Amino acid sequence: MDLKCRPDEVAYAHAHNVPVPEGANDNPYSIDDNLWGRAIECGHLEDPWNEPLDDAWVMTKNPEDAPDTPTYTEIEFEAGKPVAVDGKKMKLSEIVIALNKISGDNGFGRLDLVEDRLVGLKSRECYEVPGALTLITAHKALEDICVEGDLLKTKIKLEQDWATAVYNGQWYSPLKNALDAFMADTQKFVTGTVRLKFFKGNCHVVGRKSRLACMTTVWLPTTATPRLTRRPAPALSRSIRCRSRRGQRSRVPAPLPPRPNASFPWYPRGPSA
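Residues numbered from 1 in each chain as written. Predicted model: local features only at pLDDT ≥ 70, side-chain atom pairs only at ≥ 80, totals over all residues. Heavy atoms only, no water.

Here we look at the sheet that holds strand β6 (residues 110–116)
- Strand order in the open sheet made by the four strands is β1-β2-β7-β6, with antiparallel pairing throughout. The sheet is open, and its two borders are formed by β1 (30–34) and β6, each paired with just one other strand. Strand-to-strand twist in this sheet, taken as the mean axis angle between neighbours without regard to direction, amounts to 20°.
- Inspection of the sheet shows β6 paired to strand β7 (residues 122–128) by seven bridges, in the antiparallel sense. Note on β7: the bridge partner recorded for Asp 112 is Cys 126. (Pairing = 2+ DSSP bridges. Helix = DSSP H or I, 4+ residues; strand = E, 2+ residues; numbered from the N terminus. Axes fitted to C-alpha atoms, helices over the stretch in contact; angles between N-to-C directions.)

This is how it looks when you write it as structure tokens:
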């Protein structure tokens, strides 16, 4: 088999009943297309100074042509995995398809970047991934309230290593397996709902809620156990409303009930038994 150019590949596809878009031989771009979106390169995009032309985009509207009123969408997660859109339970594939439509219609989901290939080359790529970018935006917002601070900072550092391993084809490498285990552990409490606002090519998080939100962190003054490894009890996470001097309502942490502590008399609560 000697496939040296695109016309040879198109002819081979036709000969083996593989569907090929009409005009593929005249298409200036090289495109990878699947459920998650499209990767576009070559042609007009070879010069990184050139702005992508409208014909490069298929799944997303030009933001200038998007609706003049915002669109709101809610995404529900359980243990880090998306399970519902606007209250409707769906399979992951159905969620991606639904969000591709919602986000794309509002002009959100385009990326234009330069990649560093494994072989040492740089490549300008345009990605059209409305559903994927929407899920990433919502998931990050939920992690902000459900994942403890130090753990989240470490996860963010390791995300790039995980992505690099996948990009380089190291799907079953020992490093990738170890990172998978770490990432899975960080998602145990990432359960809740995120509300998004789409408008003219933008996607903003405008609300997030979770019954497992970790909004209070309790530090303990001890070297043996520097901080609580369990989640704070509900009583420690409550907040109360009060009136500020200007008469506006604000939220302040509820006072911790005093508990005698011989080891740390200056600290209102001692380590729990």
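Section: the nonpolar core
- In this structure, Ile 75, Leu 99, Leu 135, Leu 142 and Leu 196 are the most contacted members of the largest nonpolar core, which totals 25 residues.
- Those elements that place two or more of their residues in this core are β3 (71–78), α2 (92–105), α3 (130–146) and β8 (192–199).
- In terms of nonpolar packing, the next biggest core, distinct from the first, is built from six residues, Tyr 29, Ile 40, Leu 45 and Trp 57 among them. (Core = buried A, V, L, I, M, F, W, Y, C linked by side-chain atoms within 4.5 Å. Buried < 20%, exposed > 50% of the residue type's maximum accessible area, 1.4 Å probe, protein only.)

A short note on the packing of helix α4 (residues 149–167) against helix α5 (residues 174–186)
- Taken N-terminus to C-terminus, the directions of α4 and α5 make an angle of 145°; their axes are 10 Å apart at the nearest point. With respect to the hand of their crossing, α4 and α5 are arranged in left-handed fashion. Of the residues in α5, those touching α4 at Leu 151, Thr 154, Lys 155, Leu 158, Glu 159, Asp 161, Trp 162, Ala 165 and Val 166 are Lys 176, Leu 179, Asp 180, Phe 182, Met 183 and Thr 186.
- Class assignment for the residues of the contact of α4 with α5 results in eight nonpolar, two polar and five charged. (Left-handed = near helix turned anticlockwise from the far one by under 90°. Contact = heavy atoms within 4.5 Å. Nonpolar A, V, L, I, M, F, W, Y, C, P; charged D, E, K, R; others polar.)

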